[in-house]
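Coordinate inspection notes
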Amino acid sequence: DTGVSQNPRHKITKRGQNVTFRCDPISEHNRLYWYRQTLGQGPEFLTYFQNEAQLEKSRLLSDRFSAERPKGSFSTLEIQRTEQGDSAMYLCASSGPGQGMHLNTEAFFGQGTRLTVV
Amino acid sequence: KNQVEQSPQSLIILEGKNCTLQCNYTVSPFSNLRWYKQDTGRGPVSLTIMTFSENTKSNGRYTATLDADTKQSSLHITASQLSDSASYICVVTVYNQGGKLIFGQGTELSVKP
């Protein structure tokens, strides 16, 4: 399978617990994105990596959220002290280097990790 | 503020009929516009991508149009099938911001037999 892989697919956790999600992008892609999607809404941007550098973080990414991409390959998204409002689908996407600044290469998404905080 | 708005919010059509989904955006500077199909509980899958110089692009029964002057796009689905039932999301890429994608809320399409 050469697509974007996310693990786990589903996670149920108690409020206050920490959770960590993993994303394995398409191997030659240098850009990696995290999005959060709640029911009936479009995905919302969380953060973005180019290689191992985290270039942008949304204001949605509170201090309880942290993302890493230590070797420029896979990425992890950790949520500390989870709250019920964190329940959502967490999507990861990757894209290739692109040509020039228009970056017309496709962004491919993983299947997402569905988080339920009870 | 960079925004993408889609209409209608939801749509029900009969199998075999055509439909058109709308997308208006205020993203600036603009790089490209994509339409994604998202099945329930799955990640979005790209249908089309267009730059500002492209007016139309087809992918099988899906045809997307783009008017960069009015900042509007549409996705036309021909001869709908039951498998077309999904959420269709319009996404605009911001120029020179590393490929940052601005998502619309999506149009929930339901195709009935």
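The structure under discussion appears in the preceding block.
As a convention, each chain's residues are numbered from 1 in the sequence order in which they are written. Think of it this way: whatever chain is written first is A, whatever ligand is written first is 1, and the rest follow in order. With the structure being a predicted model, the display of local features is reserved for residues of pLDDT at least 70 and the display and counting of side-chain atom pairs for 80 or more, all residues being used for whole-chain, interface and lining totals. Only hydrogens and water are removed before side-chain values are computed, so all heavy atoms of the structure are retained for them.

Some details on the overall build of chain A
Which entries qualify depends on this criterion: Each helix is a run of DSSP H or I of at least 4 residues and each strand a run of E of at least 2, with the numbering of both proceeding from the N terminus. Only C-alpha atoms enter the radius of gyration, while the globule expectation follows 2.2 Å times N to the 0.38, with N the number of residues. Charge assignment: positive for Lys and Arg, negative for Asp and Glu; neither His nor the chain ends contribute. Every charge is mapped onto a representative atom, which is NZ of Lys, CZ of Arg, CG of Asp or CD of Glu.
Across its full length, chain A holds zero helices and 11 strands. When the helices and strands of chain A are placed in sequence order, the string is β-β-β-β-β-β-β-β-β-β-β. Here the C-alpha atoms of chain A give a radius of gyration of 14 Å, agreeing with the 13 Å that 2.2 N^0.38 yields for 118 residues. For the C-alpha atoms alone, the extent of chain A along its principal axes is close to 45 × 30 × 30 Å. Here chain A contributes 14 positively and 12 negatively charged side chains, and the mean placements of these two sets differ by 6 Å.

Quick notes on the sheet that holds strand E8 (residues 72–77) of chain B
Residues and elements named next belong to chain B. Test applied: Strand pairing is assigned whenever DSSP identifies at least 2 bridges connecting the two strands. To obtain each axis, a line is fitted to C-alpha atoms, and for helices this fit is confined to the stretch in contact; angles are then taken between N-to-C directions over 0 to 180 degrees.
With antiparallel pairing, five strands are arranged side by side in an open sheet as E1-E3-E8-E7-E6. The open sheet terminates on both sides in strands that have one partner only, identified here as strand E1 (4–7) and strand E6 (56–59). In this sheet, adjacent strand axes meet at a mean angle of 15° when their direction is disregarded. Where E6 and strand E7 (residues 62–67) come together, four bridges link them in antiparallel fashion. Residue pairing for E7: Ser58 is matched across the bridge by Thr63.

What to know about the state of the cysteines
How we decide: Disulfides are defined in this document as cysteine sulfur pairs within 2.5 Å. Exposure is judged per residue with a 1.4 Å probe applied to protein chains only, and the accessible area is read against the type maximum: over 50% gives exposed, under 20% gives buried, and values in between give partly exposed.
A complete count under the given rule lists two disulfides over all chains for this structure. For Cys23 of chain A, the disulfide goes to Cys92 of chain A, at an S-S distance of 1.8 Å. Here the disulfide of Cys23 of chain A and Cys92 of chain A is left-handed, its torsion about the S-S bond being about -70°. Here the residue Cys23 of chain A occupies a position in strand E3 (residues 19–24), and Cys92 of chain A occupies one in strand E9 (residues 88–95), the gap between them amounting to 69 residues. In this structure, Cys23 of chain A and Cys92 of chain A share a single accessibility class: buried. At a sulfur-sulfur separation of 2.0 Å, the disulfide partner of Cys23 of chain B is Cys90 of chain B. On the S-S bond that ties Cys23 of chain B to Cys90 of chain B, the torsion sits near -65°, and the link is left-handed. Of this pair, Cys23 of chain B sits in strand E3 (residues 19–25) while Cys90 of chain B sits in strand E9 (residues 86–94), placing them 67 residues apart in sequence. For the pair shown, Cys23 of chain B and Cys90 of chain B are each scored as buried.

Points about the environment of Cys19 of chain B
Inclusion rule: Only heavy atoms matter for contacts: two residues are in contact if any of them lie within 4.5 Å across the pair.
Its place among the elements puts Cys19 of chain B in strand E3. Residues contacting Cys19 of chain B, with those up to four places away along its chain left out, are Leu11, Ile13, Leu75, His76, Ile77 and Leu109 of chain B.

As for the pairing of strand E5 (residues 45–51) of chain B
Residues and elements named next belong to chain B. In terms of residue burial, E5 counts as a mostly covered element, since five of its seven residues are buried. Relative to E5, strand E4 (residues 30–38) is paired through six bridges, and the arrangement is antiparallel. Bridging across to E5, Arg34 finds its partner in Ile49. Once E4 ends, the chain turns through six residues before running back antiparallel as E5, passing Gly41 with a positive phi of about 75°.

A closer look at the packing of aromatic side chains
The condition is simple: Between rings of Phe, Tyr and Trp, where Trp is taken as its six-membered ring, a pair exists when centres lie within 6.5 Å; planes separated by under 30 degrees are stacked, by over 60 edge-to-face, and by other angles tilted.
Counted by the stated rule, this structure contains 10 aromatic pairs over all chains. Ring geometry for Phe109 of chain A against Tyr36 of chain B: centres 5.4 Å apart, planes inclined by 90°, an arrangement best described as edge-to-face. In this pair, Phe109 of chain A is assigned in strand E10 (residues 107–109) and Tyr36 of chain B in strand E4, connecting two distinct chains. For Phe109 of chain A, a relative accessible area of 11% corresponds to the buried category. Of the residues examined, Tyr36 of chain B reaches a relative accessible area of 0% and is grouped as buried. Note on Phe109 of chain A and Phe103 of chain B: the rings are 5.9 Å apart at their centroids and 80° apart in plane angle, and the pair reads as edge-to-face.

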